[in-house]
Amino acid sequence: MKHQNKIWLLRLILPFAYGRWCTGILMLLLFSLIFHFGEDDSADTTSPLLFFSIILAYIIPVFSYIVEQSSRALVELRPHLNLDEDQFYNVKLALTSRSGIRSGAIALAGVMGGLGHLAFMGNPPARVVTAMMSGGAVMVNILGTLLVWVVMSTVIVQLVRSARQYARLGADSVRIELLNTRVLVPFARVAIISSLALLGALALYPLMFFDQSISLYGSMPGLVATTIPMLIIFAMPIWPVHKRIAEAKEQELAVINRRIQVEMGNKAGDQIAVETLERVAPLLNYRREIMRVSPWPFDASAITRLGLYIVIVPLTWAGAALIEILIELYI
């Protein structure tokens, strides 16, 4: 594998107990100060500084947590993977590292995405350059938009990469044991926690609408660029292993049914000997157990957690809409 560097966002996390919490709080304070003092009170427009500050302070520590949990899930799967030590090391390294050239390319793509978002909102590149030189709220808005796009692009690309690693493991490396599918739950856990970061980001979007100059239409590029990868990141790790479980279940049931047919022959009712029934009974019990096997690598806790996460976004959007209605009624 080519030389890999630790992902730059992970280097921002303070290296001690509760480092993520401390990093998030410090980032919230730092970005709030930067965006606040960058504004010009005399300007006609304001920047959604609350959104910029909170999403940056949120996504970086959460991304660090997800990377850590993904690595732990990989270690948990290790006894069930047909990988040698070098292959396993390369997969684990891919969860936390990226070459410097690719990191730069991703950051550049984030800048281009941010410029495209600004152009979508009626700010072509020439106007962006002029606005940057003018300072004030417009400059803060541009810088905040570009920074959010760079950070989110880095997070999304790495989460997609991690999901792809797990998809490959599920497709050809993990051993499928139909009577012990619980060992495959880490695939579901990775899918859920990886989606958590982007679900949380979607839940923060209503913060932008406290600034009356920001509309839902203007935030559409960010919403689309977050929602589509979130769905991909959720489905990618679990779909290959789901297919393999379903195929293994179908094949095993076919084998059992053939064995039952051989034992039973064409006999029915009183024609079946007691000895035949004794030989068939274990096969019937085994078939019943195989039929109970879920083709999805989820357990009850994973499903509960997924349900809670899904509820978060509509609740925050509904809350934001309610607050906006109250503000319009009483102010």
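Refer to the preceding data block for the structure.
What counts, and at which threshold
Residues numbered from 1 in each chain as written. Predicted model: local features only at pLDDT ≥ 70, side-chain atom pairs only at ≥ 80, totals over all residues. Heavy atoms only, no water. Helix = DSSP H or I, 4+ residues; strand = E, 2+ residues; numbered from the N terminus. Buried < 20%, exposed > 50% of the residue type's maximum accessible area, 1.4 Å probe, protein only. Polar contact = N/O pair within 3.5 Å; in protein donor to acceptor, adjacent residues only side chain to side chain. Contact = heavy atoms within 4.5 Å. Core = buried A, V, L, I, M, F, W, Y, C linked by side-chain atoms within 4.5 Å. Salt bridge = Lys/Arg side-chain N within 4 Å of Asp/Glu carboxyl O. Axes fitted to C-alpha atoms, helices over the stretch in contact; angles between N-to-C directions. Parallel < 35°, antiparallel > 145°, perpendicular 65-115°, else oblique. Left-handed = near helix turned anticlockwise from the far one by under 90°. Nonpolar A, V, L, I, M, F, W, Y, C, P; charged D, E, K, R; others polar. 1 Å grid on protein atoms, 1.4 Å probe; cavity = no way out; pocket = protein on both sides within 12 Å on 5 of 7 lines; lining within 4 Å. Points joined across faces, edges and corners; volume = space filled by probe spheres on them.

A.B. asks: Honestly, the side chain of Thr-154 in this entry has me stumped. Any pointers?
C.D. replies: The topology assignment puts Thr-154 in helix α6 (residues 136-173). Judged by its relative accessible area of 6%, Thr-154 is buried. Looking at Thr-154, its side chain comes within polar contact range of the main-chain oxygen of Val-150, at 2.9 Å. Setting aside anything within four residues of it in sequence, one finds Thr-154 in contact with Ile-7, Trp-8, Leu-9 and Ile-106.

A.B. asks: How should I be thinking about the nonpolar core in this particular structure?
C.D. replies: One finds Phe-51, Ile-55, Phe-63 and Met-152 to be the most contacted residues of the largest nonpolar core, which totals 38 residues. Contributing elements (two or more residues each) for this core: α1 (19-38), α2 (49-77), α6, α7 (185-204) and α8 (220-264). Broken down by element, the residue count for this core peaks at eleven residues, all from α2. Once residues within four sequence positions are removed from consideration, Ile-55 is found in contact with Val-148, Met-152, Ala-201 and Leu-204. Of all hydrophobic cores here, the second largest spans 29 residues; its members include Leu-83, Leu-169, Leu-178 and Val-183.

A.B. asks: How should I be thinking about the pattern of salt bridges in this particular structure?
C.D. replies: Pairing of side chains with opposite charge becomes possible as their charged atoms draw close. In this structure the tally under the stated criterion is five salt bridges. Where Arg-189 meets Glu-76, a salt bridge forms, and the shortest distance between an N and an O atom there is 2.9 Å. In this pair, Arg-189 sits in helix α7 while Glu-76 sits in helix α2, placing the two residues 113 residues apart along the sequence. Taking the relative accessible area as the measure of exposure, Glu-76 reaches 42% and is therefore partly exposed. A salt bridge links Arg-292 to Glu-289, with the shortest nitrogen-to-oxygen separation between them at 3.2 Å. In this pair, Arg-292 and Glu-289 are both assigned in helix α9 (residues 274-292), three residues apart and thus about one turn of the helix distant. The partly exposed category is assigned to Glu-289, whose relative accessible area is 37%. Put simply, Arg-20, Glu-68 and Arg-72 are held in one network by salt bridges that share partners.

A.B. asks: Could you clarify how one ought to interpret the packing of α8 against α9 in this entry?
C.D. replies: Think of two packed helices as two axes; the pair is described by the angle between the axes and how far apart they sit. Contact pair α8 / α9: the axes reach a minimum separation of 10 Å and the direction vectors enclose 165 degrees. Regarding the angle of α8 to α9, the classification is roughly antiparallel. Relative to α9, the crossing made by α8 is left-handed. Taking contact as the criterion, the partners of Lys-249, Glu-252, Leu-253, Ile-256, Asn-257, Arg-259, Ile-260, Glu-263 and Met-264 in α8 are, on α9, Thr-276, Arg-279, Val-280, Leu-283, Leu-284, Tyr-286, Arg-287, Ile-290 and Met-291. Here the residues of the contact of α8 with α9 sort into ten nonpolar, two polar and six charged.

A.B. asks: Please clarify how the environment of Asp-84 should be interpreted in this entry.
C.D. replies: In this structure, Asp-84 sits in the loop between α2 and α3 (85-96). Within the local environment of Asp-84, its side chain forms a polar contact with the backbone nitrogen of Asp-86, the two atoms lying 3.2 Å apart.

A.B. asks: Quick question: what am I supposed to make of empty space enclosed by the protein here?
C.D. replies: Summary: where empty space remains is shown by rolling a probe the size of a single water molecule over the atoms. Counted under the stated rule, the structure contains one cavity of 30 Å³ or more. A volume near 50 Å³ is recorded for the largest cavity. When residues of the lining of the largest cavity are traced back to their parent elements, those giving at least two are α4 (100-120) and α6. Ranked by residues supplied to the lining of the largest cavity, first place goes to α6 with three residues. Of the residues that constitute the lining of the largest cavity, the class distribution is four nonpolar, three polar and one charged.

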